[in-house]
Amino acid sequence: MIRRSFEIMASSLRMALQELWKNKLRTFLSLFGITIGIFCIIGVLATVNSLQQNIQNEINSLGSNTIYVDKWDYTAGGGPDYPWWKFVNRPVPKYGEIQQIKNRTSYAKYVAFRIQVTDNVEYRGTLLNNVNIYGVSDDFENIQPLEIPWGRYLSDPEFNYGSAVVVLGHDVAEKLLGATDYAVGREVTIRGKKLLVAGVIKKQGKQMIGGWDFDQSVIIPYRFARNIMNELKSDPVILVQGKDNVPSRALKDELTGAMRAIHKLSPTQEADFALNDINDLSQSVSEAFVGLNIGGAIIGGISLIVGLFGVANIMFVTVRERTSQIGLKKAIGAKKSIILTEFLLESAFLCIIGGLIGLTLVFVLAQILSRALDFPVFISVDNMIWTFVICVVVGIVAGIIPASQAARMDPVVAIRSK
């Protein structure tokens with residue numbers, strides 16, 4: 001039975017190929033509709049999925065299983081609707097709270113402090129504007145691992161003594177000193193202070209949501225940074241990373257109690273701090289992209305429906321042209337199911353070819369966009385599977401009515417037809 005089914009499928013595919021080759025214009029028109037439909041659906045889904053993946057990667061780069069203690073709530077939205085009045089008078093995190101958090105939490109693995117300003121960096125008269133200057137504590141690298149291909153990262157003694165050393169971002173080193181390997185050992189000036197370049201961070205690439213943007217940044221020890229920055233006005237943040245296998249929710253609950261105790265808040269008082277969980281940001285992004293995926297699928301689906309009617313029309317013409325062949329097959333014993341299967345396979349095969357062409361066009365376009373815009377666009381395995389499934393379903397739907405008509409034909413009437 002299985003062997004017989006494969007023989008029928010092979011015979012149907014050969015016949016389909018012959019018909020496609022014999023009627024090139026008709027084939028092109030049929031494939032064009034399906035190709036455009038698949039191109040629209042997979043193209044939109046691939047773009048949306050790539051955008052989502054890139055944003056998720058940027059969010060994950062903020063620190064896995066990490067909570068940002070800040071006075072600002074990162075999930076409260078943005079733009080003119082952001083309730084800044086609710087958070088602006090809250091106290092900012094302080095460096096001294098790091099040790100208290102370590103003492104009051106058992107789930108915290110690393111706790112780091114960061115202050116930040118945007119200012120100029122100078123080297124021998126060359127001035128680079130709008131550079132992010134991060135003053136960080138020693139645990140920062142454990143939460144934000146950085147690859148330093150040129151030179152080294154800041155050492156523990158440099159953190160402890162607040163040494164005048166700096167790690168440059170890739171773009172900062174190239175624009176300011178001309179080459180990354182040349183930067184190590186040179187002295188740059190930040191806010192009137194000379195700092196020795198200890199290392200250069202590996203290029204991170206463009207970021208869509210901002211993030212740390214290490215390419216356009218420099219990192220200096222916190223104890224030195226507080227000498228050239230006003231700590232209370234330099235956007236201070238405490239980063240807390242949970243221990244391995246500790247859920248972020250458990251860490252957040254424990255951290256809530258610790259911060260309320262540190263701020264001496266009574267049970268009835270509202271929290272005057274925000275605990276921004278990176279996992280919550282990631283979930284919010286995933287939820288936001290659900291609607292985009294649905295919208296993209298609907299847009300592409302409309303194009304695919306046009307292709308479906310084109311294939312159905314071609315299948316009606318094909319059945320009419322092969323009426324005498326159908327009658328002959330039924331006269332020598334072919335069952336309705338065999339006739340039905342042959343035409344459904346031909347219709348599905350036609351859609352699969354169109355889908356593969358559409359998928360190829362999406363792949364080519366993805367490569368062009370990835371190189372031209374420095375934005376990685378990729379076609380996931382799920383999208384490839386969806387292409388095949390959609391094509392088969394569309395082929396069956398488009399061919400079911402003409403195939404049913406062919407299967408119900410009277411053999412005598414069919415043979416006499418011209």
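Look above for the structure.
Residues numbered from 1 in each chain as written. Predicted model: local features only at pLDDT ≥ 70, side-chain atom pairs only at ≥ 80, totals over all residues. Heavy atoms only, no water.

Participant: Could you give an account of the overall build of the protein, with specific residues and numbers?
Facilitator: Of regular secondary structure, the protein possesses 15 helices and 10 strands. A buried classification covers 47% of the 418 residues belonging to the protein. Across the protein, every contact between residues at least 6 apart in sequence was considered, and the portion connecting residues at least 24 apart equals 77%. Total accessible area on the protein stands at roughly 21500 Å², and carbon and sulfur atoms take up 59% of it. (Helix = DSSP H or I, 4+ residues; strand = E, 2+ residues; numbered from the N terminus. Buried < 20%, exposed > 50% of the residue type's maximum accessible area, 1.4 Å probe, protein only. Contact = heavy atoms within 4.5 Å. Areas by Shrake-Rupley, 256 points an atom, 1.4 Å probe, with all protein chains shown as cover.)

Participant: Describe in detail the packing of aromatic side chains, supporting the description with residues and values.
Facilitator: Inspection of every chain in the model, using the stated rule, returns 11 aromatic pairs. Taking 4.3 Å as the distance between ring centres and 15° as the angle between the ring planes, the aromatic pair formed by Tyr95 and Tyr222 counts as stacked. Taken together, the positions of Tyr95 in the loop between helix H3 (84-87) and helix H4 (97-104) and Tyr222 in helix H9 (residues 222-228) put the pair 127 residues apart, joining distant regions of the chain. Judged by relative accessible area, Tyr95 falls into the partly exposed class, the value being 24%. (Phe/Tyr/Trp six-rings, centres within 6.5 Å; stacked < 30°, edge-to-face > 60°.)

Participant: How would you explain the pairing of strand S2 (residues 108-123) if you had to name every residue and give the values?
Facilitator: As defined by bridge partners, S2 adjoins strand S9 (residues 237-242) across six bridges and the pair is classed as antiparallel. Paired with Ala112 across the bridge in S9 is Leu239. In terms of strand pairing, S2 meets strand S3 (residues 126-136) through nine bridges, oriented antiparallel. Paired with Ile115 across the two strands is Gly135, which belongs to S3. Between S2 and the antiparallel strand that follows it, S3, lie two residues; Arg124 among them carries a positive phi value of about 50°. (Pairing = 2+ DSSP bridges.)

Participant: Break down the pairing of strand S7 (residues 193-200) for me, citing the residues and quoting the values.
Facilitator: Two strands pair when backbone bridges link them, and strand S4 (residues 150-151) and S7 are joined in this way by two bridges, in the antiparallel orientation. Bridging across to S7, Gly151 finds its partner in Gly199. With four bridges joining them, strand S6 (residues 187-190) and S7 adopt antiparallel strand pairing. The residue bridging Glu187 from the neighbouring strand is Leu196, located in S7.

Taken by themselves, the reported measurements are silent on function.
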